[in-house]
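One letter stands for each residue in the lines below.
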Number of protein chains: 2
Amino acid sequence: MTYCLGMRLRDGLVMVSDSRTNAGIDHISTFRKMHVWEEPGDRTILLATAGNLAISQSVVHFINEGLVLPGHDEPSTMKTVRNLFEAAQLIGEAIRTVHKIDGSRLEAKDGSGFNISCLLGGQIKGEAPRLFLIYSAGNFIEATDDTPYFQIGETKYGKPILDRALSHDLALEQAVKLALISMDSTLRSNLSVGLPLDLVLYRTDALTLALHRKIDETDPYFSTIRQQWSSSLKNAFAALSDPVWS
Amino acid sequence: MTYCLGMRLRDGLVMVSDSRTNAGIDHISTFRKMHVWEEPGDRTILLATAGNLAISQSVVHFINEGLVLPGHDEPSTMKTVRNLFEAAQLIGEAIRTVHKIDGSRLEAKDGSGFNISCLLGGQIKGEAPRLFLIYSAGNFIEATDDTPYFQIGETKYGKPILDRALSHDLALEQAVKLALISMDSTLRSNLSVGLPLDLVLYRTDALTLALHRKIDETDPYFSTIRQQWSSSLKNAFAALSDPVWS
């Protein structure tokens, strides 16, 4: 399993992914699920993947090799796409390419299914930062001010705090805290989501990442806010009014 | 969908269920999912169900009609079972009875599957209070001091706070608060879980319910702690240390 979260906010983007993959509980490994393509001053493109690791690695391979998009004559790559919509098309095309190769066996009765989903975020010079959620059929939706975040993978444990605290105008530093708290709830409740985390922070119009940090057990800031959050929740719970009728 | 939660604590039992059922998002109804069998001074038996409503209503029908358990000559009902283990067997037998009738069509390729799960809690004179989780195959597991709670239905949104705050020695009033907070997180994140709630509180050796309360939008206590919890979470989040590296 996996948990990845992307936020598209007034001041930029925050994305975080875990790094655990498992094929059965006795075959657990660490693979980074965050991919970055960057041409400083021109474009920063971020991709986080959930689902079958063999599919996502193949998708990244075909993205890097280049694929011909509808209406184009030449293959596109993350270096040549003209906007983030084309980047989402490129990922969708890569997913369909992998599906042509592996889909029928994976979707057979004894297969594990053709499972992949992606978060695509970033900015290409000339447009605002954008965030897309791409499905296993290769189609996609885009985040708006009303729905400023997308999750993929094991999404439920970390969703309640997002629904309470996230809005489009949240400052990026606060969004980083919120992303880590959402991840913490997931790490605690699902063993198949694991450290280290990949955290990226992108400020609007910077056209280069402000931060790309690997966060493991020894990260002092993550440890601090995990402890603070845990004790705050316990205190908040203890401070609730007692039932009047029990 | 449904969310039901049962806790087996040092001082007794707390169970809560929502009451929304849906067959498609344009066919939403209210059905209570908490069933109580009580002979004051002798037994209090509580059943909460999740899954296909047609199955759970049929299960309750067969429980009330009585079924012959392995090793018995006469049909058993909730009035005659000698202990909670037999009550769990009775529910399992009722589930298998319904499966014989409806299972093959529900499990056919175009069917919705044979989905039911149950929480059984209560006490019968002569033994301690017990809590069981019963699966759609009719088999079951029992809660212990180490794992003092079970959930069925839409379990994930409301689980993180349980994992942080619930222990076997939590006072019953505190457990009621915790159950309502866990339910609140679920209500906010999944539209198919809805008010009113059925809340029951049972004190060890009372052999009659201490509380059976229907909680809807107008319940002043539930409204109060929802607001308190929401503002506490926002304050706790705001009080977290800001990232040192962003």
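Residues numbered from 1 in each chain as written. Chains lettered and ligands numbered in written order. Predicted model: local features only at pLDDT ≥ 70, side-chain atom pairs only at ≥ 80, totals over all residues. Heavy atoms only, no water.

Chain A is annotated in an unreviewed UniProt entry as Peptidase from Elstera cyanobacteriorum.

### Considering empty space enclosed by the protein
Selection criterion: The method works on a 1 Å grid over the protein atoms by themselves. A cavity is a set of points holding a 1.4 Å probe that cannot get out, a pocket is an open set with protein on both sides within 12 Å along at least five of seven lines, and residues with an atom within 4 Å of a point line them. Grid points are joined across faces, edges and corners, and a volume is the space filled by probe spheres set on the points. Here the term charged refers only to Asp, Glu, Lys and Arg, the term nonpolar to Ala, Val, Leu, Ile, Met, Phe, Trp, Tyr, Cys and Pro, and the term polar to all other amino acids, Gly among them.
The tally for this structure, following the rule as stated, stands at one cavity of 30 Å³ or more. As a volume, the largest cavity reaches approximately 200 Å³. Along the wall of the largest cavity there are 16 residues; nearest its centre are A:Pro160, A:Ser185, B:Pro160, B:Ile161 and B:Ser185. The residue inventory of the lining of the largest cavity, partitioned by class, reads 11 nonpolar, three polar and two charged.

### A few points about the sheet that holds strand β13 (residues 197–203) of chain A
Within a sheet, adjacent strands bond to each other through the backbone by hydrogen bonds, running parallel or antiparallel. Residue and element names in this part refer to chain A. For clarity, the cut-off: Any two strands with at least two DSSP-identified bridges between them are counted as paired. The helix and strand labels rest on DSSP assignments: H or I over at least four residues marks a helix, E over at least two residues marks a strand, and numbering proceeds from the N terminus. For helices, the fitted line uses only the C-alpha atoms of the stretch in contact; every axis is such a line through C-alpha atoms, and the angle between N-to-C directions lies from 0 to 180 degrees. Contacts are assigned to residue pairs that have any heavy atoms within 4.5 Å of one another.
A sheet is described by the order of its strands in space; here five strands give the open sequence β12-β1-β2-β13-β14, paired in antiparallel fashion. In the strand order of this sheet, the two ends are held by β12 (149–153) and β14 (211–215), each with one partner. In this sheet, neighbouring strand axes are inclined to one another by 10° on average, regardless of whether the strands run parallel or antiparallel. Alignment of β13 against β14, held across five bridges, turns out to be antiparallel. Looking at β14, one finds that Val200 is bridged to His212. Helix α4 (residues 172–189) contacts β1 (3–9), β2 (12–17), β13 and β14 of the sheet and is inclined by roughly 160° relative to β1.

### Here we look at unusual backbone geometry
Residue and element names in this part refer to chain A. Selection criterion: Relative accessibility under 20% of the residue-type maximum defines a buried residue, over 50% an exposed one, and the middle range a partly exposed one, all with a 1.4 Å probe and only protein chains included.
A cis amide bond links Leu195 with the next residue in sequence, Pro196, at an omega value of -5°. Tracing the sequence through the fold places Pro196 in the loop between α4 and β13. The backbone of Leu207 sits at a positive phi, close to 55°, despite the residue not being glycine. With respect to the helices and strands, the residue Leu207 is situated in the loop between β13 and β14. With relative accessibility at 8%, the residue Leu207 sits in the buried group.

### So, the relation of the copies chain B and chain A
Each of the two chain copies goes to the other by way of a rotation about an axis and a shift along it. Note the threshold: To line up the copies, we fit them by least squares on C-alpha atoms, keeping just the residues with pLDDT of at least 70 in both.
Mapping chain B onto chain A calls for a screw motion: a turn of 180° about the axis and a shift of 0.0 Å along it, with 0.0 Å RMSD after fitting. One copy is carried onto the other by what is essentially a two-fold rotation axis. Distance from the rotation axis, computed per C-alpha, reaches its smallest value in chain B at B:Tyr157: 2.6 Å. Both copies contact each other with a shared surface, as 100% of the interface residues of chain B are interface residues in chain A too.

### Focus: the layout of surface pockets
Rolled over the atoms, a probe with the dimensions of a water molecule shows which regions are left empty. Reported here for the largest pocket is a volume of approximately 460 Å³. Considering the residues around the largest pocket, the lining is formed by 22 residues, among which B:Thr21, B:Asn22, B:Gly51, B:Asn52 and B:Leu53 are closest to the centre. Looking at the lining of the largest pocket, the elements that each hand over two or more residues are β3 (20–22), β6 (43–51), α1 (53–65) and β9 (116–124) of chain B. A class-by-class count of the residues in the lining of the largest pocket yields six nonpolar, 14 polar and two charged. If you add up the space inside the second largest pocket, you get close to 310 Å³. Breaking the lining of the second largest pocket down by element, the ones donating at least two residues are β3 (20–22), β6 (43–51), α1 (53–65) and β9 (116–124) of chain A. Along the lines of polarity and charge, the residues of the lining of the second largest pocket split into five nonpolar, 11 polar and two charged.

### Notes on the environment of A:Asp198
Residues and elements named next belong to chain A. Where we set the bar: We call two N or O atoms a polar contact when they sit within 3.5 Å, provided that within protein one can donate a hydrogen and the other can accept it, with sequence-adjacent residues counted only if both atoms are side-chain atoms.
Here Asp198 lies in strand β13. Put simply, Asp198 and Lys33 are 165 residues apart on the chain and 7.9 Å apart in space, counted from C-alpha to C-alpha. Asp198 has contacts with Met15, Val16, Ser17, Arg32, Lys33, Met34, His212, Arg213 and Lys214, leaving out every residue within four places of it along the chain. Side-chain polar atoms of Asp198 contact the side chain of Arg32, separated by 2.3 Å. Within the local environment of Asp198, its side chain forms a polar contact with the side chain of His212, the two groups lying 3.3 Å apart.

### Quick look at the sheet that holds β6(B)
All names here are of chain B. Sheet architecture is open: five strands sit in the order β5-β6-β9-β10-β11, paired in antiparallel fashion. Each having just a single partner strand, β5 (34–39) and β11 (140–142) make up the two edges of the open sheet. In this sheet, neighbouring strand axes are inclined to one another by 15° on average, regardless of whether the strands run parallel or antiparallel. Taken together, the six bridges between β5 and β6 define a ladder with antiparallel strand orientation. Its bridge partner lying in β6, Val36 is registered against Leu46. Here helix α2 (residues 84–107) sits on the sheet and contacts β6, β9, β10 (130–134) and β11; the angle it forms with β9, its principal contact strand, is near 155°.

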